[in-house]
Amino acid sequence: MSAPRLEVAPGVTLGRVETTRPSGVNVAGFSFLTLKHISRTRYGPPAFETWAASHRLDARAVTASSWLPVELYYSLVETLLERHHAGDPRAATELAGECTRHEINGLYRFVLSFSSPLMVLRLSSRFWRQYYDRTELVVTESVGASLHAEVRHWPVMTATAAYFLCGAALPWLKASRAPDIAFTQLEFAAPGLLKLAAAW
């Protein structure tokens, strides 16, 4: 699974995940549990358990209905890439895609197969806050066989997060009537603003 090269607008600074300074944005527990499962099956149980111990996190207390700081979630992603992918942020694309494919069940796939990419993304924007609170996914433009969208109020300004979000969205779009769809733009256009474009 590939993603376009991440562009960063002038004046925008990227860094590392800061778990000691949470933004107040949270990620859903069910999404965290998926990432936990994928990290254990893909890299072995110690990959997750070592990270959890370093953050003094009792993962047994996390349920599907829990909410956790988004920085904690992306700290796990960043750690997995550092230990197993030489820190390459682009590897987050495939990791995210595997998480999404794990979450898309047969009924979803059946419904999505009758939908256009635009319909899929608009539907995703309606359910976005079931994954991330206090942020938005907005379709800004659709022309012919292309579309543009924005993730707004995004707090984790890292290349890893950008590639992960791109990789997470792609399986949903590929389940639509346009399986050859691909992202053509991935850009941090301003602090807290990630722009994406896709064509098919």
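Look above for the structure.
Residues numbered from 1 in each chain as written. Predicted model: local features only at pLDDT ≥ 70, side-chain atom pairs only at ≥ 80, totals over all residues. Heavy atoms only, no water.

Student: Just checking my understanding: could you explain the overall build of the protein for this structure?
Tutor: Secondary structure summary: the protein contains 7 helices and 7 strands in total. Radius of gyration (C-alpha) of the protein: 16 Å, near the 16 Å computed for a compact globule of 200 residues. Overall size of the protein, expressed as C-alpha extent along the three principal axes, is 50 × 45 × 30 Å. Counting over 200 residues, the protein shows a buried share of 49%. (Helix = DSSP H or I, 4+ residues; strand = E, 2+ residues; numbered from the N terminus. Rg over C-alpha atoms; globule rule 2.2 N^0.38 Å. Buried < 20%, exposed > 50% of the residue type's maximum accessible area, 1.4 Å probe, protein only.)

Student: Which parts of the structure should I look at to understand the layout of surface pockets?
Tutor: Over the atoms rolls a probe the size of a water molecule, and in doing so it shows where empty space is left. Here the largest pocket defines a volume of roughly 660 Å³. The wall of the largest pocket is formed by 31 residues, among which Ser-124, Trp-128, Tyr-131, Ala-168 and Trp-172 lie closest to the centre. (1 Å grid on protein atoms, 1.4 Å probe; cavity = no way out; pocket = protein on both sides within 12 Å on 5 of 7 lines; lining within 4 Å. Points joined across faces, edges and corners; volume = space filled by probe spheres on them.)

Student: Looking at this structure, I do not really get the packing of aromatic side chains. What am I missing?
Tutor: Describing an aromatic ring pair means giving the distance of the ring centres and the angle of the ring planes. Counted by the stated rule, this structure contains 10 aromatic pairs. Considering the side-chain rings of Phe-32 and Trp-51, the 6.1 Å spacing of their centres and the 45° angle between planes classify their relative orientation as tilted. In this pair, Phe-32 is assigned in helix H1 (residues 29–43) and Trp-51 in helix H2 (residues 45–54), connecting sequence segments 19 residues apart. In this structure, Phe-32 and Trp-51 share a single accessibility class: buried. Measuring from ring centre to ring centre gives 5.7 Å for Tyr-74 and Trp-154, while their planes differ by 90°; the resulting arrangement is edge-to-face. Residue Tyr-74 is located in helix H3 (residues 70–84), and its partner Trp-154 is located in the loop between strand E5 (146–152) and helix H7 (159–174); the two are separated by 80 residues in the primary sequence. In this structure, Tyr-74 and Trp-154 share a single accessibility class: buried. Site record: aromatic cluster; members linked through ring pairs are Tyr-73, Tyr-74, Trp-128, Tyr-132, Trp-154 and Phe-164. (Phe/Tyr/Trp six-rings, centres within 6.5 Å; stacked < 30°, edge-to-face > 60°.)

Student: Just to check I follow, could you spell out the packing of H1 against helix H4 (residues 92–103) for this structure?
Tutor: It is at 10 Å that the axes of H1 and H4 come closest, and there the two elements cross at 115°. By crossing handedness, the relation of H1 to H4 is classed as right-handed. Note on element contacts: H4 touches H1 through Glu-94, Leu-95, Glu-98, Cys-99, His-102 and Glu-103, opposite Phe-30, Ser-31, Thr-34, Leu-35, His-37, Ile-38, Arg-42 and Tyr-43. Tallied by class, the residues present in the contact of H1 with H4 amount to 6 nonpolar, 4 polar and 4 charged. (Axes fitted to C-alpha atoms, helices over the stretch in contact; angles between N-to-C directions. Left-handed = near helix turned anticlockwise from the far one by under 90°. Contact = heavy atoms within 4.5 Å. Nonpolar A, V, L, I, M, F, W, Y, C, P; charged D, E, K, R; others polar.)

Student: What's the story with the pattern of salt bridges in this structure? I'm lost.
Tutor: Pairs can form between side chains of opposite charge once their charged atoms are near each other. For the structure on display, the rule yields 9 salt bridges. Where Glu-7 meets Arg-5, a salt bridge forms, and the shortest distance between an N and an O atom there is 3.1 Å. Take Glu-7: its relative accessible area is 38%, and that puts it in the partly exposed class. Here Arg-16 ties to Glu-82 by a salt bridge, and the two come within 2.7 Å at their closest N and O atoms. On the criterion of sequence distance, the pair formed by Arg-16 in the loop between strand E1 (7–8) and strand E2 (26–28) and Glu-82 in helix H3 is long-range, its members being 66 residues apart. A single salt-bridge network, built from bridges that share partners, covers Arg-16, Glu-78 and Glu-82. (Salt bridge = Lys/Arg side-chain N within 4 Å of Asp/Glu carboxyl O.)

Student: How should I be thinking about the pairing of strand E4 (residues 136–143) in this particular structure?
Tutor: Each regular strand carries side chains that alternate between the two faces of the sheet. Direction of pairing for E4 relative to E5: antiparallel, over a ladder of 7 bridges. When the bridges of E5 are listed, Leu-137 appears paired with Val-151. (Pairing = 2+ DSSP bridges.)

Student: Can you walk me through H4 in this structure?
Tutor: Because an α-helix packs 3.6 residues into every turn, residues spaced three or four apart end up facing the same way. Helix length check: H4, at 12 residues, gives a terminal C-alpha distance of 17 Å against a target of 16 Å (1.5 Å per residue), a fit within 8%. Of all the positions in H4, only Ala-92, Thr-93, Leu-95, Ala-96, Gly-97, Cys-99 and Thr-100 are classed as buried. Each element contacted by the buried residues of H4 is listed here: H1, H3 and H7. (Expected span 1.5 Å × (residues − 1).)

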